[in-house]
Amino acid sequence: FIVSMDDLVLQPADFSAAYNIVPGGNTRVDNAKFSSGFGAAYGKPFILNTGRVDGWDLAMERANPDDFAPEYVRSRVEIYEETSGASAALSEDWLWAYQLEDRRPEAFLDTNCSLGSDCLTYMYKEVKAGQGAIIERYDVVFRYQNVVAWVFIKGQQGEVSEDMVLDYGQMVLNKIQLLEE
């Protein structure tokens, strides 16, 4: 059977809460788009040094603000020529969370993340302007063979957690592993 990369990312149908795909939020991220999104100074060397081939990104917003679920869910899968390149993409030399000043997380979380290989979790916090609400964002990024998957969730403090993002990461890993069957 043929699988499209968008079959590997989280979809609204994967959740009990209703989600809407944000405008422009279901897209292929080829190397040109990746490079322009991160800037040529980071993007092009990243591609050349890791052997990134292609990617897919899907971003969703919670449809009902009363649902107890993340306000925002985003997932991405990226394919690399080789496992070693995918592993390099998550190294301190290349992962954006380490390398890009404006994308550094508030904290790298010390967990026993067991998703695939080279698994890393981290989080960000911000105060919502004018409301004083604390918004938390949890990310998990991991490698499975030559595929890198990244999931992040965002919501008010207490609506999201590290365990939740790990569960969503497991959902993506399950989709990737189905390719082997």
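Predicted, not measured: the structure shown is a model, and the values here were computed from it. (Residues numbered from 1 in each chain as written. Predicted model: local features only at pLDDT ≥ 70, side-chain atom pairs only at ≥ 80, totals over all residues. Heavy atoms only, no water.)

It is not clear to me how the overall build of the chain should be interpreted in this structure. Could you clarify?
The secondary structure content of the chain amounts to 5 helices and 7 strands. Along the chain direction, N to C, the helices and strands of the chain fall in the order β-α-α-β-β-α-α-β-β-β-β-α. By the compact-globule yardstick of 16 Å for 181 residues, the chain fits well, its C-alpha radius of gyration being 16 Å. Put simply, the chain has 181 residues, and 49% of those count as buried. A fraction of 60% describes how many contacts in the chain between residues 6 or more apart in sequence connect residues 24 or more apart. Accessible surface computed for the chain: about 9100 Å², of which carbon and sulfur atoms make up 47%. Within the chain, one finds 15 positive and 29 negative side-chain charges whose respective centroids are separated by 6 Å. (Helix = DSSP H or I, 4+ residues; strand = E, 2+ residues; numbered from the N terminus. Rg over C-alpha atoms; globule rule 2.2 N^0.38 Å. Buried < 20%, exposed > 50% of the residue type's maximum accessible area, 1.4 Å probe, protein only. Contact = heavy atoms within 4.5 Å. Areas by Shrake-Rupley, 256 points an atom, 1.4 Å probe, with all protein chains shown as cover. Lys, Arg positive; Asp, Glu negative; His and termini not counted. Charge placed at Lys NZ, Arg CZ, Asp CG, Glu CD.)

Sorry, what's going on with the sheet that holds strand S7 (residues 147–156) here?
By way of backbone hydrogen bonds, the strands of a sheet pair with one another, either parallel or antiparallel. Pairing is antiparallel in the open sheet, where 7 strands are placed in the order S1-S2-S3-S7-S6-S5-S4. The two strands at the open ends of the sheet, each matched to only one other strand, are strand S1 (19–28) and strand S4 (107–109). Direction aside, the axes of adjacent strands within the sheet are offset by 15° on average. Two strands pair when backbone bridges link them, and strand S3 (residues 72–80) and S7 are joined in this way by 8 bridges, in the antiparallel orientation. Bridge pairing links Val77 to Ala149 in S7. (Pairing = 2+ DSSP bridges. Axes fitted to C-alpha atoms, helices over the stretch in contact; angles between N-to-C directions.)

Mind showing me how you'd approach the environment of Leu115 here?
If you trace the backbone, Leu115 turns up in the loop between S4 and strand S5 (117–127). Taking the C-alpha atoms as reference points, Leu115 and Asp167, separated by 52 residues in sequence, lie 9.6 Å from one another. Leaving out residues up to four positions away in the same chain, Leu115 has contacts with Val140, Phe142, Arg143, Leu166, Gly169, Gln170 and Leu173.

What should I look at first to understand the state of the cysteines in this one?
As used in these notes, a disulfide is a covalent bond between sulfur atoms, one from each of two cysteines. Applying the stated rule across the entire model yields 1 disulfide. Linked covalently through their sulfurs, Cys113 and Cys119 form a disulfide whose S-S length is 1.6 Å. Taking the sign of the S-S torsion, 45° for the link of Cys113 and Cys119, the bridge is right-handed. The class of Cys113 is buried, set by a relative accessible area of 18%. (Disulfide = S-S within 2.5 Å.)

Would you explain unusual backbone geometry in this entry?
Glycine aside, residues mostly have negative phi angles, and peptide bonds mostly take the trans form. One non-glycine residue, Asp118, lies in positive phi territory at about 50°. Relative to the helices and strands, Asp118 resides in strand S5. Not every positive phi belongs to a glycine, and Gln145 is a case in point at roughly 55°. With respect to the element layout, Gln145 can be found in the loop between strand S6 (134–144) and S7.

How should I be thinking about the pattern of salt bridges in this particular structure?
When charged atoms on two side chains of opposite charge get close, those side chains can pair. Summed over the entire model, instances satisfying the criterion amount to 10 salt bridges. Of the charged contacts, one joins Asp118 and Arg143 as a salt bridge, the two residues approaching to 2.6 Å between their closest N and O atoms. Separated by 25 residues along the polypeptide, Asp118 in strand S5 and Arg143 in strand S6 bring together distant segments of the chain. (Salt bridge = Lys/Arg side-chain N within 4 Å of Asp/Glu carboxyl O.)

Help me out: how do you make sense of the nonpolar core in this one?
Soluble globular proteins tend to bury their nonpolar side chains together. With 33 residues, the main nonpolar core has Val77 and Val140 as its most contacted residues. Sorting the residues of this core by element identifies strand S2 (52–62), S3, S5, S6, S7 and helix H5 (162–177) as the ones contributing at least two each. By residue number, the principal contributor to this core is H5, which donates 7 residues. Setting aside its immediate chain neighbours within four residues, Val140 contacts Cys113, Leu115, Cys119, Leu120, Thr121, Ala149, Trp150, Val151, Val165, Leu166 and Gly169. Ile47, Ala59, Leu90 and Trp150 belong to the second largest nonpolar core, which has 24 residues in total. (Core = buried A, V, L, I, M, F, W, Y, C linked by side-chain atoms within 4.5 Å.)

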